[in-house]
Amino acid sequence: MTTTTIDPAQARLFDSIAHEWWDAHGSSAPLHKVNPVRLAFVREQALAHFGRDSRDRAWLAGLDVLDIGCGGGILAEPLARLGGRVTAIDAAAEAIAVAKAHAAESGLEIDYRQSSVEALVEAGRRFDLITCMEVVEHVADVPVFLRGIASLLKPAGLLVFSTPNRTAHSYGTLIVGAEWVLRFIPRGTHDWNKFLTPEELTTALESTGLRVTETRGIGFRPSRGFELSDDRRINYIGAAVHA
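Residues numbered from 1 in each chain as written. Predicted model: local features only at pLDDT ≥ 70, side-chain atom pairs only at ≥ 80, totals over all residues. Heavy atoms only, no water.

Asks: Would you mind showing me how to read the pairing of strand β3 (residues 111-114) here?
Replies: Consecutive side chains of a regular strand alternate in pointing toward one face of the sheet and then the other. For strand β2 (residues 85-90) and β3, the ladder comprises four bridges, and the chain directions are parallel. Bridge pairing in β3 places I89 opposite R113. Assessed by its sense of winding, the connection that carries the chain from β2 through helix α4 (residues 93-106) to β3 is right-handed. (Pairing = 2+ DSSP bridges. Helix = DSSP H or I, 4+ residues; strand = E, 2+ residues; numbered from the N terminus. Right-handed = clockwise from strand over helix to strand, strands pointing away.)

Next comes the structure, spelled out in structure tokens:
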């Protein structure tokens, strides 16, 4: 396999905002706010899948975890605190530098790499739990990317993913609202045409031998913030296992 899934333009864009990864009021503010929701879903799915005790604070202990598209480490750090042996990759060199520095300040051991899914496949790596949050819509070749993930997932492993849906609601919220009007995130971060519907992503994962077991919406209410919901029109999160 060759490194074909990294989009250089996307890597440059995320390099340009790397210094803001841990600024909860900057361009990464939405990620900080949605992170607890993502983590709650990971916890729900992982506890059930691996048969872990919900009372155990280190419920990822002994598991090899991969966070794809880790950015500055907003998700990778809590996964490490929960006991996981975490490897985290991103295409953006500056983001990895920020992630390494923040983990060192926090006393966390995380194997951060500027790398690709394909490089890990070539290295023969395998993982019990893979998280891939808001990444598939940024890669250059979705089928190759998903085949790589399937190869990296151990036979009894669990994949947790999230991505925007391709609907009028997501265009209005993420493109018009977040990028053009409110400028929460840099303009050009998203290409709506690259968004995948839950049905499209389910079919694409099935073609790699992975079976989607759950999908939930990620919604937002001004009074409560981000939350898991049944409304998948803007963004959704899901889990998959080997069929």
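Asks: Please clarify how the environment of N235 should be interpreted in this entry.
Replies: Topologically, N235 is positioned in strand β8 (residues 235-242). The exposure class of N235 is buried, given its relative accessible area of 11%. For the pair formed by N235 and R166, sequence separation is 69 residues and the distance between their alpha carbons is 8.8 Å. Apart from residues lying up to four places away in sequence, N235 is in contact with E134, S162, T163, P164, N165, R216, G217 and I218. A polar contact is formed between the side chain of N235 and the side chain of E134, at a distance of 3.1 Å. (Buried < 20%, exposed > 50% of the residue type's maximum accessible area, 1.4 Å probe, protein only. Contact = heavy atoms within 4.5 Å. Polar contact = N/O pair within 3.5 Å; in protein donor to acceptor, adjacent residues only side chain to side chain.)

Asks: Where do I start with the environment of P30 in this structure?
Replies: Along the polypeptide, P30 turns up in helix α2 (residues 29-50). Taking C-alpha positions, P30 is 10.0 Å from G225, a pair spaced 195 residues apart along the chain.

Asks: Got a minute to help me understand the sheet that holds β8 in this structure?
Replies: By definition, the strands of a sheet pair up through backbone hydrogen bonds, in either a parallel or an antiparallel sense. Strand order in this open sheet of eight strands is β3-β2-β1-β4-β5-β8-β6-β7, and the pairing throughout is mixed. Two strands close off the open sheet at either side, each with one partner strand: β3 and β7 (225-229). Across the sheet, the mean angle separating the axes of adjacent strands is 20° when strand polarity is ignored. Alignment of strand β6 (residues 210-221) against β8, held across seven bridges, turns out to be antiparallel. Among the inter-strand pairings, V212 is bridged to a residue of β8, identified as A240. The strands that α4 touches are β2 and β3; relative to β3, the one it contacts most, it runs at about 165°. (Axes fitted to C-alpha atoms, helices over the stretch in contact; angles between N-to-C directions.)

Asks: Sorry, what's going on with the nonpolar core here?
Replies: A general tendency of soluble globular proteins is for nonpolar side chains to be buried together. Grouped together as the largest cluster of nonpolar side chains are 33 residues, with contacts concentrated most on V86, I110, Y112, L129, L158 and V160. Among the elements that line this core, the one with the most residues is α2, at seven residues. Those residues in contact with L158, other than ones at most four positions away along the chain, are Q45, A46, H49, F50, D128, L129, I130, L153, A239, A240 and V241. In terms of nonpolar packing, the next biggest core, distinct from the first, is built from 28 residues, L152, L153, L210 and A240 among them. (Core = buried A, V, L, I, M, F, W, Y, C linked by side-chain atoms within 4.5 Å.)

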